[in-house]
Each structure stands twice: as structure tokens, then as C-alpha cells.
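Observations on the three-dimensional arrangement
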Amino acid sequence: MIEEATDAFLTQTAQRNEQLAGMLTKILVAAQPGAVYSEPVTKGAYTVIMASEVSAGGGFGSGFGSARTPPRPGERSQVSQAAQASDHTAEQAANSGSGMGGGGGSSGRPVAIVIIGADGVRVRPVVDVTKVALAGVTVLGTVAATLWRMRAMRARAAK
Amino acid sequence: MRRLTDHIQWRTMSGQPVVAHDLVVIPQSRALVLRLPHGFWVWNRPSGVRVEQRGRASDLPIVDLTRRIQLGLLGVGMVIAIVGAVRIGLRSRYPGDPQRKGTPA
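Residues numbered from 1 in each chain as written. Chains lettered and ligands numbered in written order. Predicted model: local features only at pLDDT ≥ 70, side-chain atom pairs only at ≥ 80, totals over all residues. Heavy atoms only, no water.

Counting its regular elements, chain B contains two helices and five strands. Each helix and strand of chain B, ordered N terminal to C terminal, gives the series α-β-β-β-β-β-α. Burial statistics for chain B: of 105 residues in total, 29% are counted as buried. Entry remark: accessible area of chain B is about 7000 Å², with carbon and sulfur atoms responsible for 60%. (Helix = DSSP H or I, 4+ residues; strand = E, 2+ residues; numbered from the N terminus. Buried < 20%, exposed > 50% of the residue type's maximum accessible area, 1.4 Å probe, protein only. Areas by Shrake-Rupley, 256 points an atom, 1.4 Å probe, with all protein chains shown as cover.)

Spelled out as C-alpha cells, the structure:
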């Protein structure tokens, strides 16, 4: 019985591993240049390519286990060793289980625009104002906290 | 035995060339790939473009201005925090030293 359960688990694991491998292959496309550069768009005399930063990550895990059931009181004296072992194995198989889970995500941000024209190639950077503003607010907060602490220390020393 | 390079890879790759006017533009990217036993992480960013024109090639770097501004702000913040912490430390250690502008005890 436990062998059947193990076989079923191994078959399921193999199928899930194949699915995960397929998923990983799809997500690892993020490591290709095609993920970073957009398709060129031509408008009039200019061709524009968008360059973006891409990051992707993921993880997965799996587990298999069986519940250990303690022998019932008086079981040892009444049932033979072989029967007890068989019962225990069947019970273990009935109480076994497996699980698997995974997750992942990806993000992208435009970094620059490549403009190809008759006058040559130009690279124009793209500034993410939200990110810069957030960094500025964080730095201002840190500086304000430091200055406030310095003033407090000075006031304490003056007393 | 697995080596570190099996888990961490820093790849530089070239994309499909784009032909426009008499220019051939080859986009290039750098990717950091982390392969872990139960996961992975990929960070891919554009590094520059190679421009070929009449047999001559030149490289145009792509600068991540947002990242540079962020790092600059972080650097400024860290310098101010460190200077402040050092001054606080000096004041508490030498409270009466006029050289260090502390108040006489």
C-alpha cells in the first residue's frame, strides 16, 4: 500500500517538475535581450526602440510525509508482530500526504529610448520620477531625523 | 560538485540587429542569473547599443539615470547620517571641549 502511495507521489512529482521546468524556461526568457528591448517602431524618418530593465524571480518547494500513529494499548499482546507491521504500514499509507507550491513575479522599468534617424543614433534616458521622489523623501527623512537627534543631544549637553 | 558559476551567471548578450537608414544597430544587454536549488532570479538590463555604419563600429552606452540619481541620493543621505553620528559621538565623549564646540561641563 505504501509502495503504491509512493509511486503515485513520484509520478505526480515528475509531472509537476515537468510543469515547473516549462514555467522556468518561460520565465528565464527574461534573461534574453528580447525581454529588454522592444520591437522597433518606425514613424516617419525615425525608428525608436525602448530599452527596459527587467527582473524576474521565483521559487518552489515540495514535501511528502506520513503521520506516525502510536500503537493502541494492548495491541502488542494480542496481535502478532507481522500483522501489527502490516496494519501500521496500511495506516501510514492512509495518513500520508504530499504537497507542492511555488510562486514568482517579474517587473520592468523603462531605462532609455534609442532613436535612430538619418542624423545618427541617439540614446535618451528615461527618468522614473516616482522612484526618484521616493528616494528623495527617504533621504530627507533620514537627514531630518539625524539633525533632530543632533539638536536634542546639544540641548541635553547644554543643561 | 557544483561550482559557483553554475549558480551565478553574468551574461552579456546581443539582440537582433535593427537596420534603419544606412545604420545597423545591435542592442546589447547584461543579465545576472541566479539559479538556486528551489528558485531563481534574473536581472536583465540594457548595457548599450553597437552602431555600425559603413564598416565603422561605435558603442553607445545606455545609462540608467534613475538608478544613478537613487544611488547619489543614498550616498548623500549616508554621508550626512555618518557625519551626524560622528559629531554626536564626539559631543558625548568630549562634552566640555571647546575645540569640538561642546558646551563646558
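Moving on from the coordinates now.
Quick look at the pattern of salt bridges now. The final tally for this structure, using the stated rule, is five salt bridges over all chains. For glutamate 53 of chain A, the salt bridge goes to arginine 109 of chain A, with nearest N and O atoms at 3.2 Å. A residue pair is termed long-range when its members are at least 10 positions apart, and glutamate 53 of chain A in strand E2 (residues 46-66) and arginine 109 of chain A in strand E3 (residues 96-117) qualify at 56 residues. Here the two residues glutamate 53 of chain A and arginine 109 of chain A agree in accessibility, since each one is buried. Linking aspartate 22 of chain B and arginine 54 of chain B is a salt bridge whose minimum nitrogen-to-oxygen distance equals 2.9 Å. On the criterion of sequence distance, the pair formed by aspartate 22 of chain B in the loop between strand E2 (18-20) and strand E3 (23-36) and arginine 54 of chain B in the loop between strand E4 (39-53) and strand E5 (56-61) is long-range, its members being 32 residues apart. Relative accessible area serves as the criterion here: at 36%, aspartate 22 of chain B is assigned to the partly exposed category. Note on arginine 54 of chain B: relative accessible area 67%, which makes it exposed. (Salt bridge = Lys/Arg side-chain N within 4 Å of Asp/Glu carboxyl O.)

A surface patch of nonpolar side chains, amounting to about 560 Å² of accessible area, comprises Leu71, Leu74, Met78, Ile82, Val86 and Leu90 of chain B. Within the secondary structure, isoleucine 82 of chain B is located in helix H2 (residues 65-93). (Patch = residues over 30% accessible without salt bridge, like charges linked within 9 Å, V, L, I, M, F, W, Y side chains within 5 Å.)

Residues with a pLDDT of 70 or more make up 72% of chain A, whose mean pLDDT is 79. Ranking the helices and strands of chain A by mean pLDDT puts strand E4 (residues 120-125) of chain A first, with 92, and helix H3 (residues 75-78) of chain A last, with 52. (pLDDT = per-residue confidence, 0-100.)

We now examine the interface of chain B and chain A. Listed as interface residues are 50 residues of chain B and, on the opposing side, 52 residues of chain A. Between chain B and chain A the total buried area reaches about 4100 Å² when both faces are included, carbon and sulfur atoms providing 72% of it. At the boundary of chain B and chain A, one finds two salt bridges. In this structure, aspartate 64 of chain B engages arginine 109 of chain A in a salt bridge whose closest nitrogen and oxygen atoms are separated by 2.8 Å. The tally of links from chain B across to chain A stands at 12 residue pairs in polar contact (both at pLDDT 80 or more). Looking at the side of chain B that touches chain A, the element that brings in the most residues is H2 of chain B, giving 15 residues. As paired strands, E2 of chain A and E4 of chain B are joined by six bridges and run antiparallel to one another. Counted as the bridge partner of alanine 56 of chain A is valine 42 of chain B from E4 of chain B. (Contact = heavy atoms within 4.5 Å. Buried area = accessible area lost by both parts, 1.4 Å probe. Polar contact = N/O pair within 3.5 Å; in protein donor to acceptor, adjacent residues only side chain to side chain. Pairing = 2+ DSSP bridges.)

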